[in-house]
Amino acid sequence: MAAKKIIAICQSGGEFVTNNEGGSLSYTGGNAHAVDIDENTNVDAFKQELTDTFKFNVDGMAIKYFLPGNKKTLITVSKDKDLQRMVNFFKDSEQVEVFVVAEGVGAPNVSNMPASRTTMSETTLSPATPVDLTNPDSQLVVDAPVDTTPLDILPSSNDDKHRRAATQWENTITGVDQRFSSFTELREALHKYSIAHGFTYKYKKNDSHRVTVKCKSEDCPWRIYASRLATTQLICIKKMNKNHTCEGAAVKAGYRATRGWVGNIIKEKLKFSPNYKPKDIATDIKREYGIHLNYSQAWRAKEIAREQLQGSYKEAYSQLPSFCEKIMETNPGSLATFATKEDSSFHRLFVSFHASIYGFQQGCRPLLFLDSTVLYAKYQGTLLAAVGVDGNDGVFPIAFAVVDEETDDNWHWFLSELKSAVSTSRPITFVSAFQNGINESLSDIFSKDCYHGYCLRYLGEKLYKDLHGRFSHEARRLLIQDLYAAAYAPKVEDFERCVENIKAISPDAYSWVVRSDPEHWANALFGGARYDHMTTNFGQLFRDWVSDVSEFPITQMVDALRGRMMELNYTRRVDSSQWLTRLTPSMEEKLQDETSKAISLQVLHSHGSTFEVRGEAVDIVDIDNWDCTCKAWQLNGLPCCHAIAVLERLGRSPYDYCSTYFTTESYHLTYSESINPIPPLEKPVIAEVDMEIMVSPPPTKRPPGRPKMKQPDTVDILKRQLQCSKCKGMGHNKKTCE
């Protein structure tokens, strides 16, 4: 049976507009084409058809659409599964609106634009003209060397490529009687016009009453005179000589670009590509407009464009009171609270959405990972997070906080807020870094209703660092390897054997391990249930989200994370609606693996519910108490192969002996609630705001220089390092030995 086709109404060249009521988006302008797609269509084929239709470069194409009934959040199609999901969403409506956006270097192919006489040579930044983009009056002056091969801005042939600037801006100045709302608008039009037509100009008069400009080339008659239109605020061009005798690019000319000009150029791209890198900005500006920017200029322009799109960082802090209210209004049952210092400067913000709280309480195992991430926004700070695990071993964000700095006091506050949000009668197992402040706070806040497991990755890094300089790399690598083996060992005797291996290498390392509280990290000694999750690396997905938005103003960052969580909840709820198995897919696969191992085992009945199971070793299974001496059943929550062998002999179903957290039913409960959009915030009116709740930015600003590079994970430490056979040094071989 042929797959049912739906019509994709593909639109490009327009822009998204936010409606005043409800904050929904609408798309205006541009062109539209209809494309047939079905559930068998793959992304590459779809992109190729769009490329042929819109003349986009495939590598720079972004495909987006709205979810049914939701005009506030755009969903991105980047892989085959995304496209199939979109088709499934709209298979009943038989058509879907798709928006095609060019990003990065993927500029539209505009080779079919009209031709023009004007040419311009490749431009380079004049070293004698430094630029300060933090100064609104500063300008870039870019000189075009005479000895370079000229490039057509607007070519004489439709087959040649040309710069986007020419077709965009060649008519920004039209002639006498053209009117502008302000002198600023006029000056901006002059910037664009001069770039499009390949010449530079200079001001003869430039004040609040009149503007006179002429071509910078000597003896060229091109000039404009504009002044304020009598009895109005409009600016009107009174005189204009349109003729050039300077032969365009043959003259050594330059092009001005203020910080606002560059910011306006990249603003639209930045809207759809928040991680638009300064080096890519500089490359695109050079290619499309012939303007050279260095890295710092592109970085400052990005900051300006971001502020135009998102508002200022300072303003975002002042919006926190109303922002927290909006969260709780639009998502009833959520918790959003903030605190300031005595001088009203920002101290900390806690957010936990009702959908996350409900999902954790109803469907997730009582296991939470605590982690922190440094933020690189203007006022820096740190994000603290608590992340759970769904029944399919997927990341499930529960709560997060933005604090001015990572301190024991802020961790204590975060955990106090977390307890009030996820209050439950179940003992919770926490996994976090090897940190005394967290350990003490957990004991104080959760009392005996929790277990604290140390993150094995952080523990391994600490051991590696503490032993640095005392052992060879190979010895330290083996010590870390034995530490991991000791942590994963299910039985006490296995743990002790691994620790003895450490002692054989170094008595000092053995003492370090004994003092490291192994009851907090070793499976054989740990009292809680970690379900074989030994590191906080499990929350990498959420940490990546934070990294993507860490430079946003605080309210924008929180709302961006909310959007990611909202989409995650929705897609997982839709995907799981198709599951037909009793367990989630990952748990079903694990159970089937254990079932295949059980075939070769021999089962002997001992007494009551106790059985002896023989394979490579002999294990004792107590079916009624869900216990096996291999400890895998207790550690993982799924019957081990020994238990399955006994259950099959008794004619019982292994599914009845799996943790309820792994069932599809529990998974549905986890994602049964939705995270709702938050309407755009309006700028606070100072006169109407109670001064007691005004929030100002924290005193700490982002330090100069680039952020520190990420430290290597323990998994990299475990890799064998190159060792010289001649001098026994590390990191080189005998051929390169000095």
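What comes next is a walk through the structure. (Residues numbered from 1 in each chain as written. Predicted model: local features only at pLDDT ≥ 70, side-chain atom pairs only at ≥ 80, totals over all residues. Heavy atoms only, no water.)

1. Describing helix α6 (residues 278-289)
Working step 1: Relative to the 16 Å expected for 12 residues at 1.5 Å per residue, α6 spans 16 Å between its end C-alpha atoms, a close match to the ideal helical length.
Working step 2: Of all the residues in α6, the buried ones are P278, I281, A282, D284, I285, E288 and Y289. The arc that holds every buried residue of α6, seen down its axis, measures 165 degrees, which confines them to one face. (Helix = DSSP H or I, 4+ residues; strand = E, 2+ residues; numbered from the N terminus. Expected span 1.5 Å × (residues − 1). Buried < 20%, exposed > 50% of the residue type's maximum accessible area, 1.4 Å probe, protein only. Arc of directions from axis to C-beta.)

2. Some points on the sheet that holds strand β27 (residues 627-628)
What links the strands of a sheet is backbone hydrogen bonding, and the strands pair in either a parallel or an antiparallel sense.
Working step 1: Ordered in space as β24-β25-β26-β27, the four strands form an open sheet in which the pairing is antiparallel. The sheet is open, and its two borders are formed by β24 (602-607) and β27, each paired with just one other strand.
Working step 2: Taken together, the two bridges between strand β26 (residues 618-622) and β27 define a ladder with antiparallel strand orientation. The partner of D622 across the bridge, within β27, is D627.
Working step 3: Contacting β24, β25 (610-614), β26 and β27, helix α21 (residues 641-650) crosses the sheet at an angle of about 75 degrees to β24. (Pairing = 2+ DSSP bridges. Contact = heavy atoms within 4.5 Å. Axes fitted to C-alpha atoms, helices over the stretch in contact; angles between N-to-C directions.)

3. Observations regarding the sheet that holds strand β20 (residues 382-389)
Working step 1: With mixed pairing, the seven strands of this open sheet are ordered in space as β17-β18-β21-β20-β19-β22-β23. Only two strands of the sheet have a single neighbouring strand rather than two, namely β17 (335-340) and β23 (450-454). On average, each strand axis in the sheet is inclined to that of its neighbour by 20 degrees, with strand direction left out of account.
Working step 2: Across five bridges, the pairing between strand β22 (residues 428-432) and β23 is parallel. Bridge pairing links V431 to G453 in β23.
Working step 3: Contacting β17 and β18 (346-352), helix α9 (residues 320-330) crosses the sheet at an angle of about 165 degrees to β17.
Working step 4: Seen against the sheet, helix α11 (residues 408-421) touches β17, β18, β19 (367-374), β20, β21 (395-403) and β22 and runs at an angle of roughly 30 degrees to β18.

4. Section: the side chain of S352
Working step 1: Within the secondary structure, S352 sits in strand β18.
Working step 2: Since its relative accessible area comes to 1%, S352 is described here as buried.
Working step 3: With residues near it in sequence (within four places) discarded, S352 still touches S334, L335, I357, I398, A399 and A421.

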